[in-house]
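Structural description and commentary
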Number of protein chains: 6
Amino acid sequence: MKILAVNVNTTRSMTRSIGEAARAVAGEGTEIIELTPAIGADSVEGNFESHLAAVAVMDAVTAYEGEADAVILAGFGEHGKEGLMELLEVPVVDITEAAAHMAMLLGYRFSVVTTLDRAVPLIEDRLLSFGLREHCASVRSTGLGVLELEDAERAARAVARQAEEAVAQDRAEVIVLGCGGMAGLNAELSRDLGVPVVEGVACAVKLAESLVALGLRTSKSRTYAPPRPKRIDGWPLSSRMPAEN
Amino acid sequence: MKILAVNVNTTRSMTRSIGEAARAVAGEGTEIIELTPAIGADSVEGNFESHLAAVAVMDAVTAYEGEADAVILAGFGEHGKEGLMELLEVPVVDITEAAAHMAMLLGYRFSVVTTLDRAVPLIEDRLLSFGLREHCASVRSTGLGVLELEDAERAARAVARQAEEAVAQDRAEVIVLGCGGMAGLNAELSRDLGVPVVEGVACAVKLAESLVALGLRTSKSRTYAPPRPKRIDGWPLSSRMPAEN
Amino acid sequence: MKILAVNVNTTRSMTRSIGEAARAVAGEGTEIIELTPAIGADSVEGNFESHLAAVAVMDAVTAYEGEADAVILAGFGEHGKEGLMELLEVPVVDITEAAAHMAMLLGYRFSVVTTLDRAVPLIEDRLLSFGLREHCASVRSTGLGVLELEDAERAARAVARQAEEAVAQDRAEVIVLGCGGMAGLNAELSRDLGVPVVEGVACAVKLAESLVALGLRTSKSRTYAPPRPKRIDGWPLSSRMPAEN
Amino acid sequence: MKILAVNVNTTRSMTRSIGEAARAVAGEGTEIIELTPAIGADSVEGNFESHLAAVAVMDAVTAYEGEADAVILAGFGEHGKEGLMELLEVPVVDITEAAAHMAMLLGYRFSVVTTLDRAVPLIEDRLLSFGLREHCASVRSTGLGVLELEDAERAARAVARQAEEAVAQDRAEVIVLGCGGMAGLNAELSRDLGVPVVEGVACAVKLAESLVALGLRTSKSRTYAPPRPKRIDGWPLSSRMPAEN
Amino acid sequence: MKILAVNVNTTRSMTRSIGEAARAVAGEGTEIIELTPAIGADSVEGNFESHLAAVAVMDAVTAYEGEADAVILAGFGEHGKEGLMELLEVPVVDITEAAAHMAMLLGYRFSVVTTLDRAVPLIEDRLLSFGLREHCASVRSTGLGVLELEDAERAARAVARQAEEAVAQDRAEVIVLGCGGMAGLNAELSRDLGVPVVEGVACAVKLAESLVALGLRTSKSRTYAPPRPKRIDGWPLSSRMPAEN
Amino acid sequence: MKILAVNVNTTRSMTRSIGEAARAVAGEGTEIIELTPAIGADSVEGNFESHLAAVAVMDAVTAYEGEADAVILAGFGEHGKEGLMELLEVPVVDITEAAAHMAMLLGYRFSVVTTLDRAVPLIEDRLLSFGLREHCASVRSTGLGVLELEDAERAARAVARQAEEAVAQDRAEVIVLGCGGMAGLNAELSRDLGVPVVEGVACAVKLAESLVALGLRTSKSRTYAPPRPKRIDGWPLSSRMPAEN
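Residues numbered from 1 in each chain as written. Chains lettered and ligands numbered in written order. Predicted model: local features only at pLDDT ≥ 70, side-chain atom pairs only at ≥ 80, totals over all residues. Heavy atoms only, no water.

1. Topic: the overall build of chain A
To be explicit about the condition: Numbering of helices and strands runs from the N terminus, with a helix taken as a DSSP run of H or I at least four residues long and a strand as a DSSP run of E at least two residues long. With the radius of gyration taken over C-alpha atoms, the globule rule is written as 2.2 Å times the number of residues to the power 0.38. Burial here depends on accessible area, computed with a 1.4 Å probe over protein chains only, as a share of the maximum for the residue type. Under 20% is buried, over 50% is exposed, and the range in between is partly exposed. Between two residues, a contact is recorded if the distance between any of their heavy atoms is within 4.5 Å. In short, Shrake-Rupley with a 1.4 Å probe defines the accessible areas, and a residue's cover is counted only from the protein chains shown. For the purpose of counting charges, residues Lys and Arg are taken to be positive, whereas Asp and Glu are taken to be negative. His and the chain ends are not included. To locate a charge, the coordinates of NZ of Lys, CZ of Arg, CG of Asp or CD of Glu are taken.
Counting its regular elements, chain A contains 8 helices and 10 strands. Relative to its length of 245 residues, chain A is compact, with a C-alpha radius of gyration of 17 Å against a globular reference of 18 Å. Seen through its C-alpha atoms, chain A measures out along the principal axes to roughly 55 × 40 × 35 Å. Taken across its 245 residues, chain A has 69% of its residues classed as buried. Nonlocal contacts in chain A, meaning residues at least 24 apart in sequence, comprise 72% of its contacts between residues at least 6 apart. Here chain A displays about 7800 Å² of accessible surface, and carbon together with sulfur accounts for 44% of that area. Averaged over its 23 positive side-chain charges, chain A has a centre that lies 5 Å from the centre of its 35 negative ones.

Structure, rendered in structure tokens:
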């Protein structure tokens, strides 16, 4: 089966990391196809960039000419899943919800550790919208920007500190890594903390594979029915751009 | 004071209606400036179009070179308010929240009457995110598309029928018109139903004027802090498009 | 238009402050008429006094022989709005809800800073009843009584300290001044804190003006229908009292 | 032990019915003392009358010169419990909460059947404030006014019809009689419906006796601390009235 | 009347303490009959033991050959009430809900102080299921195991420390003792803290007596209808065990 | 990998159906091991039987001497998952939560169609406890008992009727089959209804496989820490029974 793993920012090294994280857990016979949006920010750290990413992802998926059995939306706490579900028949799995679903299977309450303080309300809002906030103990920030996560050691220390406080003070029993760029930290962190650490890209791959295996597709009955035929100016966006992507 | 009233679709006649509805209630000294996005759908009736509208509105506001003391986002139940708040210092008022805030001042519970069935979950989700769902009795659909509202008589009948049921069955005490294109129906409907009927564009104008008069602006402390400086490909979107707007 | 601004306690100097705060933001052509209840406590700092204020306000408004286009209930966290809405056709705006509605337009979460610790549950309960608690980060107390607020410098320091903690610890992005007697502190406090500070009397004036401008009145369909005709002993209360008010 | 059963309206025949309902279940050694407010409406059917009743009850209890070990507030869905709790050290039990507490012990969900449609939101709001709405399936109205309940047969039929629908449609497993004036209907109704029917006055007596037996009194630590000493004009209300009550 | 007080663990000394706590508050004419399960753990401190206790209690009550007018389930935060309600016609009162119901009558918010940290989520989950979590300020643990409570002085100190923090930090106004083995601590603790301290066994006795006095029994209409006749292997459990209990 | 699929009742034909449903979707290399409890009811249709099943399942798993990489609890809406999680290190997946998690990925709201009316509150309560009720539109019953489902045609008709009403009236976009015995109905039902139909056993297998593949195990930090060592009478239950299972 083919799973499209779509980054939400335009940083290709990050797309590759997402692809690697996905391939590391993909089942035999699953092909991971990476996709980087042609437009948008080089890191998504707020609502403006998140809204832009929503459209950039839809644009990239529309422009993609290959086949896919499922799509993974690899931005933690970002907008856009709902629109993408309308455009596609195949399952769409957002890494935010994927991580939360899995975390809820492993302990009574989970905490998310994310990047900047300003990302906290976005994540809380997405969990609320997904109906997954009831068992969320807290969303905590490390204060690091998305691209600062590339200093893996520093990132690990900052995430570990917040994760420890989430366990001790917020009563979290499971930690969710709240940024696509944190993939890779989970194994060591879990060993050190003594609690499960859940990473969204990996969870999304397994959920997408599961849905495909079960023959389940997005319901087209109301919310995610295909867009009605109509005039749309400037769409797809990248068709107006100088070729390069 | 200058208030920018931004349509979420590309239908200019609808922008004009929004502008008229805004001017009809604007205070002395308030200038309403209409804005139509350069990209997007000619009517917004689902998540894909709504996500696209979020970005199209940000694009249009970014391209706008004049001044504004406040901005009204004139799509009922659409995405994008949060991103726009990041980009601007001046207040941003979404007509969905504006109508709900006003409705809550007038009765114990309100119902929204909107266009298509598929718009219902979008509106419910926005009210949830805004923290305004507690006193919402129901969101009901007329089954009419946004552009079908131009047949004013048919629209009035369809809205009236749902509004009556909301009052009788859902215990609504106030009706909210759930589409920017329904402006103009409220006076007669209110007279017929015997309950207040609230229209979002008008409410948004008064709330925007109020915030400006009180010297209140969007908090920049966390969620709506300005975007961090970074590389953004393809932004603003309309800069890539053939001039015409 | 005439707006009746009704104090909830019997301290006339406080009524005058409320009137001044109201006039400072009132639009051209808006006349603010102050009203002090004939009965009740000289400051309202608990449930007994609040329940008494509810009736005292209804009594004062009933005794008032002039005209009014809207009424402002100028007690933060006090009871009585619902009964007043039954008695009147014109809009009634409570400063608690007014401040919360406005605060919700300006940031993701707001905190209220009020007087005594014992006022906290009253305010929480009113916000719950109004359906406005979802985005309330916290209600904090300064430990000062209502009349101690007259020492403006001390009040400013105490409010500032709690507001800072609300921003830092409770993630508030907007501060609501939780007492009619705090009017006047907002401008300086906002400058110092760097977040919007919202004051209820001012907000209520603008919301009342807005409702009047939009021709909106309280729904009379169920909850706020006029009282049924019946024998009521001792009403209005002040008719039994020695003339003096 | 002495329990003060306070009516919320001024209709003495109704006070007597409340007293009888209370005595019918009171334990040996429990004396029920009836109290009728000197002011207020002859039936409480809305917010204005309910707010007035809140104060009238506090006034009557203040004027009462005897002793009491507990106080029952015998208005279903009325305001005022919180203020009364401040004034007294002994337990105060509201019949609304009493009935809901007991109903929750007997089945998974309960429905309230009350008088007029306009009383429904008051009851819902009180249950919300008491934290008792989670297992409330519905609040239904018979359309009868409080004083129309004196036609016992008609009342019984109207209540039975709504109770049946609550069981069949709303999945109620227990019925709560939502008016002090419905005492006496429960035995027959329960037999006919085949589900427990709970009446608030009786429940309140048993809860008050229980609290007294356990030596439990209202917490005075914050919300219900005694009112601070201060000037209160016109209090107690009945002191200003011509002697007669 | 006869009330069956059923321990959830197999420690007979604890059953006796429960019986004593029950008798200390039982009304005249109430006979308390103690029951110890034949199977299960000597203390219940987690989900496995709690699930086992649920069945052990049902087994013990099934094996009991005498009469009972009501049954008290004397484990704080344990499973099993729902099944027991199906098996019996007479009222069943769980000490967790009993304490919460009573605490809600005494103050705005209550905190539970329990034994081990791992018991906290069980109690939170039971309060959620009972619909009684809205006014629960916190559930705090002393870190002591159930059987360590037999060192009364140490228990008292540990409970007092958590109760003080609940009052100061969590804004609790009432303390609930969150373990059947804490009966006996409440009087002194209440004196020291200055807030009511509620103990579940005592509350359950009074609620059970109240329900019996009111002639109220478990609703058999849906959730708690008697089990359908069917083959059940190994039931009752104790019938398979060597006689000894 | 080995997955233990544990039935909650003692009907071996139903265990086999569960095993078949599991094997039908299991990945290559996954071995499904069926387990039937030695004690309990031949169908679980209420709280008593559900509590018994909780213990019977723990007993069966304890008695099982083989290895397992994950365990599936194959009773829809039944108790016991939490205790089982304490006893095991490997993941435990309940089919109720499994189905809800998957359904939430496929549409905005889901409805459960179950057997008897009395099962509805059990399922609602489990979804509440799992934090999965927010997007549940309704739980509907067919009126058929668990063993009546063996008449596949009748079952299909009854389920279809409720599913249609869930889609039309409750706005469900996904249907969850609310009984382990309904496995097999989903393909045809989905085709007829035009919305995804989710079956819990299949979902649980894929989620269990996913957790194992990701190396994730139950958090042992608090709620699901192993039981403390202590004396437990009569455990394991089946050790006391005449050999036969």
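2. Description of the sheet that holds strand β1 (residues 2–6) of chain E
All names here are of chain E. Counted only if it meets this: Two strands are counted as paired when DSSP detects at least two bridges linking them. Comment: axis = line fitted to C-alpha atoms, over the contacting stretch for helices; angle = value between 0 and 180 degrees taken between N-to-C directions.
Strands sit in the order β2-β1-β4-β5 across an open sheet of 4 strands; the sheet is parallel. The two strands at the open ends of the sheet, each matched to only one other strand, are β2 (31–35) and β5 (92–94). Adjacent strand axes in the sheet meet at a mean angle of 25 degrees, parallel and antiparallel pairs treated alike. Taken together, the 5 bridges between β1 and β2 define a ladder with parallel strand orientation. Each residue of the ladder has a partner; that of Lys2, found in β2, is Glu31. With respect to the sheet, helix α4 (residues 95–104) is in contact with β4 (70–73) and β5, its orientation differing from that of β5 by roughly 75 degrees.

3. Thoughts on the interface of chain E and chain C
Convention followed: The term buried area refers to how much accessible surface (probe radius 1.4 Å) is lost by two components on association, counted for both of them together. In what follows, salt bridge is the name for a side-chain nitrogen of Lys or Arg lying within 4 Å of a carboxyl oxygen of Asp or Glu. Lys, Arg, Asp and Glu make up the charged group, whereas Ala, Val, Leu, Ile, Met, Phe, Trp, Tyr, Cys and Pro make up the nonpolar group; the residues left over, Gly among them, are polar.
Across the boundary between the two partners, chain E contributes 4 residues, which contact 8 residues of chain C. The contact between chain E and chain C buries some 410 Å² in all, and 36% of this surface belongs to carbon and sulfur atoms. Per-residue buried area on chain E facing chain C is highest for Tyr108(E), Glu134(E) and Arg171(E); these three make up 89% of the total on that side. In this structure, the connection of chain E to chain C is made through 1 salt bridge. Close ionic contact of Arg171(E) with Asp117(C) constitutes a salt bridge, the shortest N to O distance being 2.9 Å. For the side of chain E that touches chain C, the class distribution of residues is 1 nonpolar, no polar and 3 charged.

4. A word on the relation of the copies chain A and chain B
Rules: In superposing the copies, a least-squares fit is computed on C-alpha atoms, taking residues whose pLDDT is at least 70 in both.
Mapping chain A onto chain B calls for a rotation angle of 180 degrees and an axial translation of 0.0 Å; the resulting RMSD is 0.0 Å. The relationship between the two copies is best expressed as a two-fold rotation axis. Interface overlap between copies is the fraction of interface residues in one copy that are interface residues in the other; for chain A against chain B it reaches 100%, indicating a shared surface.

5. Quick notes on unusual backbone geometry
Negative phi is the rule for most residues except glycine; trans is the rule for most peptide bonds. Between Trp235(B) and the following residue, Pro236(B), the backbone shows a cis peptide bond with an omega angle of 0 degrees. Checked against the element boundaries, Pro236(B) lands in the segment after β10 (232–233). For Arg171(A), which is not a glycine, the phi torsion comes out positive at approximately 65 degrees. Locating Arg171(A) in the fold gives a position in the loop between α6 (152–169) and β8 (174–177). Among the residues examined, Arg171(A) registers a relative accessible area of 22% and is labelled partly exposed.

6. Some remarks on the packing of aromatic side chains
Ring pairs (aromatic) are described by centroid distance and by the angle formed between their planes. Quick reminder of the rule: Centres within 6.5 Å are what make two rings of Phe, Tyr or Trp a pair, Trp counting through its six-membered ring; a difference in plane orientation under 30 degrees is then read as stacked, over 60 as edge-to-face, and the rest as tilted. We call a charge positioned over a ring when the NZ of a Lys or the CZ of an Arg lies within 6 Å of the ring centre and within 35 degrees of the ring normal.
One pass over the structure, following the stated rule, counts 6 aromatic pairs over all chains. Centroid distance Trp235(A) to Phe48(B): 5.1 Å. Interplanar angle 65 degrees. Geometry classified as edge-to-face. Separated into two different chains, Trp235(A) in the segment after β10 (232–233) and Phe48(B) in helix α2 (residues 47–63) make up a pair that spans both. Accessibility expressed as a relative area gives 18% for Trp235(A), which makes it buried. Taking the relative accessible area as the measure of exposure, Phe48(B) reaches 3% and is therefore buried. Here Arg126(B) stacks its cationic end above the ring of Phe130(B), 4.8 Å away from the centre of that ring.

7. Section: helix α8 (residues 200–213) of chain E
All names here are of chain E. Basically, it comes down to this: An expected span of 1.5 Å times one less than the residue number is assigned to each helix. Side-chain atoms alone can form a polar contact between residues adjacent in sequence; in general such a contact is a pair of N or O atoms within 3.5 Å, and within protein one must be able to donate a hydrogen while the other accepts it.
Here α8 spans 20 Å end to end across 14 residues, near enough to the 20 Å set by a 1.5 Å rise per residue. Within α8, 12 of the 14 residues are buried, which leaves it mostly tucked inside the rest of the structure. Along α8, the residues classified as buried are Gly200, Val201, Ala202, Cys203, Ala204, Val205, Lys206, Leu207, Ala208, Glu209, Ser210 and Leu211. Structurally, the start of α8 carries an N-cap: the backbone nitrogen of Val201 is 2.9 Å from a side-chain oxygen of Glu199. Looking one or two residues past α8, Gly215 carries a phi angle of roughly 70 degrees, positive in sign.

8. Observations concerning the domain arrangement of chain A
Residue and element names in this part refer to chain A. To be explicit about the condition: How far each domain reaches was decided by an automatic or database domain assignment.
In terms of domain boundaries, chain A breaks down into domain 1 (2–94 + 202–225) and domain 2 (96–201). Averaged C-alpha coordinates put domain 1 and domain 2 at centres separated by 20 Å. Counting residues at the interface gives 31 residues for domain 1, matched by 29 residues for domain 2. Of all residues in domain 1, the largest losses of buried area upon contact with domain 2 belong to Glu45, Phe76 and Cys203, amounting jointly to 33% of the total for that side.

9. Some remarks on the relation of the copies chain E and chain C
The transform that puts chain E on chain C rotates by 120 degrees and translates by 0.0 Å along the axis, for an RMSD of 0.0 Å. Here the symmetry operator amounts to a three-fold rotation axis.

10. Here's the deal with the pairing of strand β6 (residues 110–114) of chain F
Residue and element names in this part refer to chain F. Filter applied, for reference: Here the term right-handed applies to a crossover when the path leading from its first strand over the helix to its second strand runs clockwise, the strands being oriented away from the viewer.
Counted residue by residue, β6 has 5 buried out of 5 residues, so it is predominantly covered. Of the pairings in the sheet, the one linking β6 to strand β7 (residues 136–141) comprises 5 bridges and is parallel in character. Within β7, the residue paired with Phe110 across the bridge is Cys136. Taking the sense of rotation as the criterion, the β-α-β connection linking β6, helix α5 (residues 119–130) and β7 turns out right-handed.

11. A look at the sheet that holds strand β5 (residues 92–94) of chain F
Residue and element names in this part refer to chain F. Taken in spatial order, the 4 strands make up an open sheet running β2-β1-β4-β5, and their pairing is parallel. Two strands close off the open sheet at either side, each with one partner strand: β2 (31–35) and β5. Across this sheet, the average inter-strand angle for adjacent strands is 25 degrees, counted without regard to direction. Strands β1 (2–6), β2 and β4 (70–73) of the sheet are contacted by helix α2 (residues 47–63), whose axis makes an angle of about 145 degrees with β1.

12. Some details on the pattern of salt bridges
Two side chains with opposite charge may pair up if their charged atoms get near one another. Under the counting rule described, the total for this entry stands at 96 salt bridges over all chains. Across the pair Glu153(E) and Arg157(E) runs a salt bridge, and its minimum N-O distance is 3.9 Å. Linking Glu153(E) with Arg157(E), this pair stays in helix α6 (residues 152–169), spanning 4 residues, or about one helical turn. Notably, a salt bridge pairs Arg231(E) with Asp233(E), separated by 3.1 Å at the nearest N-O pair. With a relative accessible area of 46%, Arg231(E) lands in the partly exposed category. Each of Glu45(A), Glu49(A), Arg228(B) and Lys230(B) takes part in one network of salt bridges that share partners.

13. Description of the environment of Arg154(C)
All names here are of chain C. Mapping Arg154 onto the fold places it in helix α6 (residues 152–169). Of the residues examined, Arg154 reaches a relative accessible area of 35% and is grouped as partly exposed. It is 26 Å that separates the C-alpha atoms of Arg154 and Ala204, two residues lying 50 residues apart in sequence.

14. Some thoughts on the interface of chain A and chain B
Facing 48 residues of chain A, the contacting portion of chain B comprises 48 residues. Around 4200 Å² of area is buried between chain A and chain B when both sides are counted, 56% of it from carbon and sulfur atoms. Considering only the surface of chain A that becomes buried against chain B, Phe48(A), His51(A) and Arg118(A) emerge as the three largest contributors, covering 18% of it. At the boundary of chain A and chain B, one finds 10 salt bridges.

15. Describing the confidence of the model for chain A
For clarity, the cut-off: The predictor attaches a confidence to each residue, and that confidence, scored 0 to 100, is pLDDT.
Overall, the prediction assigns chain A a mean pLDDT of 94, with 97% of residues at 70 or greater. Interface confidence for the predicted complex, given as ipTM, is 0.96, next to a pTM of 0.97.

16. Looking at the side chain of Ser129(C)
The topology assignment puts Ser129(C) in helix α5 (residues 119–130). Looking at Ser129(C), the relative accessible area reads 8%, which means it is buried. In this structure, Ser129(C) is in contact with His135(B), Glu82(C), Asp125(D) and Leu128(D), ignoring residues within four places of it in sequence.

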